[in-house]
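One-letter residues, chain by chain:
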Amino acid sequence: MCGTFAADGAVDRGVAAAMHTRLVHRGPDETYSLNTPSLAVKLGRLGMTGLADGWQPAQDRGGRFVAMTNGEIYNAPELKARLGTDPANGVDVAVIPDLVAAHGVAGLAQVDGQFASVVFDREENALYLARDRFGVCPLYYTSVGSAVHFCSELKPLVQCVGGPWRVDVTAVDQYFSLGNVVAPRTLVRDVFAVPPGCAVRISADGVETVRYWRYGDFDESPVSADELRSALRESVSARLHADVEIGAYLSGGFDSTAIVLEAASLVDRPMRTFSVVFDDPSLDEGRFQREVAALAETKHEQIRCGVPDITAMFEKMVRHCCFPQRETYNVAAMMLADAVRSAGIKGVVSGEGADELFFGYDSYAFDSSGRGRRPARDENEQAWGRADFGWEVNWDRVSARRSSFLAPDVREALRGAEFWRSRLIPFTDAEVRALSPMQLRSVADVYVQLSGHLLGDHGDAMVMRNSVEGRYPFLGNSVVSAALRVPDAEKVADFEGKACLKSAYRGIVPDSVLRRGKHGFTAYDLDSVVDRATWARWEELVAASGVLVPGCLTVEPGTDKFDFRLSAISIAMVVDELGLRV
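Note that this is a predicted model, so its numbers are computed, not measured. (Residues numbered from 1 in each chain as written. Predicted model: local features only at pLDDT ≥ 70, side-chain atom pairs only at ≥ 80, totals over all residues. Heavy atoms only, no water.)

Undergrad: Now, about the sheet that holds strand β14 (residues 272–278): what can you tell me, with residues and values included?
TA: The five strands lie next to each other as β15-β14-β13-β16-β17, forming an open sheet whose pairing is parallel. Two strands close off the open sheet at either side, each with one partner strand: β15 (299–305) and β17 (469–471). Direction aside, the axes of adjacent strands within the sheet are offset by 30° on average. Two strands pair when backbone bridges link them, and strand β13 (residues 246–249) and β14 are joined in this way by two bridges, in the parallel orientation. Residue pairing in the sheet places Tyr 249 in a bridge with Phe 274 of β14. (Pairing = 2+ DSSP bridges. Helix = DSSP H or I, 4+ residues; strand = E, 2+ residues; numbered from the N terminus. Axes fitted to C-alpha atoms, helices over the stretch in contact; angles between N-to-C directions.)

Undergrad: Go over the side chain of Glu 356 with me, naming the residues and quoting the values.
TA: Locating Glu 356 in the fold gives a position in helix α11 (residues 354–357). Look at Glu 356 and you get buried, because its relative accessible area is 1%. Here the side chain of Glu 356 touches Tyr 361 through a polar contact of 2.5 Å, side chain to side chain. Non-local contacts of Glu 356, meaning those with residues more than four positions away in its chain, are made with Tyr 215, Tyr 361, Tyr 364, Ser 442, Asp 445, Val 446, Gln 449, Leu 450 and Leu 454. (Buried < 20%, exposed > 50% of the residue type's maximum accessible area, 1.4 Å probe, protein only. Polar contact = N/O pair within 3.5 Å; in protein donor to acceptor, adjacent residues only side chain to side chain. Contact = heavy atoms within 4.5 Å.)

Undergrad: Go over the environment of His 149, please, and point to the residues and values.
TA: Position of His 149 among the secondary structure elements: in strand β9 (residues 147–151). Under the relative-accessibility criterion, His 149 is labelled buried at 6%. C-alpha of His 149 to C-alpha of Cys 160: the two residues are 11 residues apart in sequence and 9.7 Å apart in space. Filtering out sequence-adjacent residues up to four positions away, His 149 remains in contact with Gly 3, Thr 4, Val 15, Tyr 140, Tyr 141, Thr 142, Val 144, Leu 157 and Val 161. In this structure the side chain of His 149 is engaged in a polar contact, spanning 2.8 Å, whose partner is the side chain of Thr 4.

Undergrad: Lay out unusual backbone geometry with the relevant residues and their values.
TA: Along the chain, Gly 163 connects to Pro 164 via a cis peptide bond; the corresponding omega equals 5°. Among the secondary structure elements, Pro 164 is positioned in the loop between α4 (154–160) and α5 (169–178). In this structure, the amide linkage connecting Ala 183 to the following residue, Pro 184, adopts the cis form with an omega of 15°. Along the chain, Pro 184 turns up in the loop between α5 and β10 (192–193).

Undergrad: Account for the pattern of salt bridges, with residues named and values stated.
TA: For the coordinates displayed, the defined rule picks out 39 salt bridges. Among the salt bridges present, the one from Arg 516 reaches Glu 285, with a minimum N-O distance of 3.0 Å. Placement of Arg 516 in the loop between α21 (511–514) and α22 (526–529) and of Glu 285 in the loop between β14 and α8 (286–296) is noted, with a sequence separation of 231 residues between them. Since its relative accessible area comes to 6%, Glu 285 is described here as buried. Of the charged contacts in the structure, one is a salt bridge between Glu 577 and Arg 319, with a shortest N-O distance of 2.7 Å. Of this pair, Glu 577 sits in helix α24 (residues 564–578) while Arg 319 sits in helix α9 (residues 307–321), and the two are 258 residues apart along the sequence. Residue Glu 577 is classed as partly exposed on the basis of its relative accessible area of 22%. Note on Arg 319: relative accessible area 16%, which makes it buried. Among the ionic contacts, a cluster of salt bridges with common partners joins Lys 155, Glu 315, Arg 319, Arg 537, Asp 576 and Glu 577. (Salt bridge = Lys/Arg side-chain N within 4 Å of Asp/Glu carboxyl O.)

Undergrad: Before we move on, could you go through the pairing of strand β7 (residues 126–131) and cite the residues and values that matter?
TA: With six of six residues buried, β7 lies mostly within the body of the structure. Of the strand pairs in this sheet, strand β6 (residues 113–121) and β7 are connected by six bridges, and their pairing is antiparallel. Bridging across to β7, Ala 116 finds its partner in Arg 131. In textbook terms, the turn of a hairpin is the stretch between consecutive antiparallel strands, and for β6 and β7 this stretch comprises four residues, one of which, Asn 125, has a positive phi near 50°. Pairing of β7 with strand β11 (residues 198–203), which is carried by four bridges, proceeds in the antiparallel orientation. The residue of β11 that forms the bridge with Leu 129 is Val 200.

Undergrad: Go over the sheet that holds β7, please, and point to the residues and values.
TA: Pairing in this open sheet of six strands is antiparallel, and the strands run β4-β5-β6-β7-β11-β12 from one edge to the other. Looking at strand neighbours, the two that pair on one side only are β4 (58–59) and β12 (206–211), the edges of this open sheet. The sheet contact formed by β11 and β12 spans six bridges and is antiparallel. Across the sheet, the residue bridging to Ser 203 is Gly 206, located in β12. Along the sheet face, helix α3 (residues 96–103) touches β4, β5 (65–73) and β6 and points at about 120° away from the line of β5.

Undergrad: Outline the packing of aromatic side chains, supporting the account with residue identities and numerical values.
TA: On inspection of all chains with the given rule, the structure shows 16 aromatic pairs. On the numbers, 6.1 Å between centres and 80° between planes, the contact of Phe 254 with Tyr 505 is edge-to-face. Here Phe 254, found in helix α7 (residues 254–266), pairs with Tyr 505, found in the loop between α20 (499–504) and α21; they are 251 residues apart in sequence, far enough to count as distant. Relative accessible area serves as the criterion here: at 1%, Tyr 505 is assigned to the buried category. Between Tyr 361 and Tyr 364, the ring centres sit 6.5 Å apart and the planes meet at 15°, which makes this aromatic pair stacked. Each of the two residues, Tyr 361 as well as Tyr 364, counts as buried. Feature note: the residues Phe 134, Trp 213, Tyr 215 and Phe 218 constitute an aromatic cluster, connected by ring pairs. Just above the ring of Phe 564 sits the side chain of Arg 401; from NZ or CZ to the centre is 4.0 Å. Taking the ring centre of Phe 359 as reference, the NZ or CZ of Lys 491 above it sits at 4.2 Å. (Phe/Tyr/Trp six-rings, centres within 6.5 Å; stacked < 30°, edge-to-face > 60°. Lys NZ or Arg CZ within 6 Å of the ring centre and 35° of its normal.)

Undergrad: Pulling in residues and values, what's your account of the state of the cysteines?
TA: Going through the model one piece at a time under the given rule, you end up with zero disulfides. Here Cys 322 is not cross-linked by a disulfide; its sulfur's nearest cysteine counterpart is in Cys 321, at 6.8 Å. (Disulfide = S-S within 2.5 Å.)

Undergrad: How would you sum up α24? Please name residues and give values.
TA: For α24, which comprises 15 residues, the first-to-last C-alpha distance of 21 Å matches the rise-based estimate of 21 Å (1.5 Å per residue) to within 8%. Buried residues dominate α24, accounting for 13 of its 15 residues. Downstream of α24 by a residue or two, Gly 579 has a phi angle that is positive, lying close to 65°. (Expected span 1.5 Å × (residues − 1).)

By themselves, these are just geometric observations and shouldn't be taken as functional.
Pasting the structure below:
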């Protein structure tokens, strides 16, 4: 989806048309247009529901609000019945303008689904750019003169809207400090991501961001194992609903296994499952994948990712998503989505969100011990609302990385604009104080890591490049509601994360999977995949970027969790692809 809005009517409709030609992979089935005196929108549809009886744009019964929407509204039947939406329009997202008409943008909190929506208010000549609760569907925008341009991907927006464009040095600092870029920032100065759970209102009066929902309002109360299973099963069932076949990613870990077993029991034919296998035994999870596929009686396909694949496709992947990388595994994710599409599947369910909502990462176990509190720092206070909470930031290494990787001009421009000077989560100091350490970590994980990276460049960018839609049952409203109620001590028990979920699925998920330690999706390291010619070209890109210190690729990775040489290489690629200046 892409378009231009200008409250004064000065709309260059050619910009939307140009962006749309670069987004065909996201919606190859049908093209919709919306044109008013102040608005031009193009939407490429990836047809999943309402194939015979659905259309866009959709409008509310009174005709005030008209919308174009990417994504899926899984509780659309319930919402349509409640609101009296036009029954003739069979597409699920047609409910959006009626929700806004009845409740304002606050009504979007009722949606169980994933969406990026453009809602035009004819009466007030105002536009809303809205994004789902967790930011599954991306939406970027920028203001140029009296016009605001928006797009589902960063690259078409930057390349089709006249520059010159510059690097956002604070976003670069976010990446070298956090390993992520946090919405609303992007690597491009003055180009913003609509934050998850928000709607950006644009009118002649200016641009305003309105939050309609946030993750992290915990309310502990008893949640039984049956209730947890029922919530996940309900969410899986909703995400299997489509007019086309839905497959599943199967990593061999607990999250994807639980989803596949639920999904396989809900369909009347063998489930199609897909996984990546590696030649390196330390990376490969193939035996667990095969065990689960046999148990669920799925039609399983394994895609082998080797060192030559990473070498050949890493740069192609980065130049597509225009997002920095800290590991090479997005190449495997891209190959996986390509295999799904080649198999004729247009959507997959996947396990993202379980670790963030049910405290599955090792860091939660350390938090549960009550030991290892970090020293208080003013920077933490500004970034997170608590001086003793630093998320994954090692401040000594942050300083060293700036010196090792960032060019002197960038370090100078960064003075007074460091990443920590902006609040990174939508909570006040008082609200943060009411959260337990693990709850605060969960909130930070959702807004820093899940929304931007796991659902973004690792999720949407890779699957939609291949015209495949990712669907995430652990982010369903029923599951999220249960997660917010489960007490900390039931999520992490005896230093084991996701304890409540594993207890709920004991006897259903194989013991071999239940007993496994956390095995994050990863691939080959940088030194394994780069030949001499490729390395020389990447060194040239880094030196030419103006952002990075020439020669910084000689910095030893050390004991950092991620190899920040990859970050430097990928940032240089994005700078080159988008023609950015410092």
